[in-house]
Amino acid sequence: MSKENTTKTAFLKPMLIMIAGTNFVAMVNTTAVSILLPVFMKQFEVDMILTQWVVTAYILASCTIAPNVGYISDRLGLRRTFLLAVSGYALFTLCLGCTNTIYMVIGLRVAQGLFGGMLMPLTQSMIYRFFPTHKQAQAISIWATTNLIAPTIAPSLAGIVSDLLSWRWIFWLEVPLL
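What you see is a predicted model, and the numbers here were worked out from it, not measured in a lab.

### A word on unusual backbone geometry
Among all residues except glycine, the phi angle is most often negative; among peptide bonds, the trans geometry is most common. Phi at glutamate 45 takes a positive value of approximately 55°, unusual for a residue other than glycine. With respect to the helices, strands and loops of the structure, glutamate 45 is situated in the loop between helix H3 (37-44) and helix H4 (48-51).

In structure tokens form, the structure reads like this:
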């Protein structure tokens, strides 16, 4: 095996951990926020109809941007688009922990959804772009496992964190992981 191939394969495991970890954090956030709806209702003294927009806004924004990720990454490059998506997602996640009104939460969830909606297609594309063909199935399997584990543990995690600390910590704890 040549030195170039050895160097290239040495970075595959850390890259997969980064890719799968980023996807995991985004999936945890998506699921955990739905557990916080009653907390938001009490904290901001609003009804369920308005509070449901916290989840709906994120879903609409992420579904709007997802089909455009290929076009954006073709123009900016896959790595730059990934860095943009992770940076924007982290910034708006941090801001979500600092909000004072339900309207700010909804607006920031739209912005977070625009960047978060880019993460799943980008992480899949990165696996197919950077991993050799014979390692892609294994890498996608590990990546897909994060999509199964995150929604499983997120509700319990959200409940524990919001009870012990505050609902704001659901967002603040994610930022260093990104």
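### Regarding the environment of threonine 99
Looking at the element boundaries, threonine 99 is found in the loop between helix H7 (78-96) and helix H8 (102-130). Residue classification places threonine 99 among the buried residues on the basis of a relative accessible area of 0%. Separated by 50 residues in the primary sequence, threonine 99 and isoleucine 49 place their C-alpha atoms 19 Å from one another. In contact with threonine 99, not counting residues within four places along its chain, are Phe44, Met104, Val105, Leu108, Trp167 and Arg168. Of note is the side chain of threonine 99, whose polar atom sits 3.1 Å from the backbone oxygen of leucine 96.

### Here we look at the packing of aromatic side chains
Under the definition given, this model contains six aromatic pairs. Between the aromatic rings of phenylalanine 40 and tryptophan 167, the centroid separation amounts to 5.0 Å while the plane-to-plane angle is 85°, which identifies the pairing as edge-to-face. Separated by 127 residues along the polypeptide, phenylalanine 40 in helix H3 and tryptophan 167 in the loop between helix H9 (133-164) and helix H10 (168-172) bring together distant segments of the chain. The pair phenylalanine 40 / tryptophan 167 is uniform in exposure class, with both members buried.

### So, the nonpolar core
Looking at soluble globular proteins, one finds that nonpolar side chains tend to be buried together. Formed by 51 residues in total, the largest nonpolar core has its most connected members in Phe40, Val54, Ile102, Met118, Ile127 and Phe131. Those elements that place two or more of their residues in this core are helix H2 (12-35), H3, helix H5 (53-65), helix H6 (69-76), H7, H8, H9 and H10. Setting aside chain neighbours within four positions, we find phenylalanine 40 in contact with Val33, Glu45, Val46, Thr51, Val54, Ile102, Val105, Trp167 and Phe171.

### A few points about H3
Those residues of H3 that fall on the buried side of the exposure criterion are Leu37, Phe40 and Phe44. Down the axis of H3, the sector holding all buried residues measures 55°, keeping them to one side. Structurally, H3 contributes buried residues whose contacts are with H2, H4, H5, H8 and H10. Once H3 ends, the next one or two residues include glutamate 45, with phi positive near 55°.

Here is what the cut-offs are and how they apply
Residues numbered from 1 in each chain as written. Predicted model: local features only at pLDDT ≥ 70, side-chain atom pairs only at ≥ 80, totals over all residues. Heavy atoms only, no water. Helix = DSSP H or I, 4+ residues; strand = E, 2+ residues; numbered from the N terminus. Buried < 20%, exposed > 50% of the residue type's maximum accessible area, 1.4 Å probe, protein only. Contact = heavy atoms within 4.5 Å. Polar contact = N/O pair within 3.5 Å; in protein donor to acceptor, adjacent residues only side chain to side chain. Phe/Tyr/Trp six-rings, centres within 6.5 Å; stacked < 30°, edge-to-face > 60°. Core = buried A, V, L, I, M, F, W, Y, C linked by side-chain atoms within 4.5 Å. Arc of directions from axis to C-beta.

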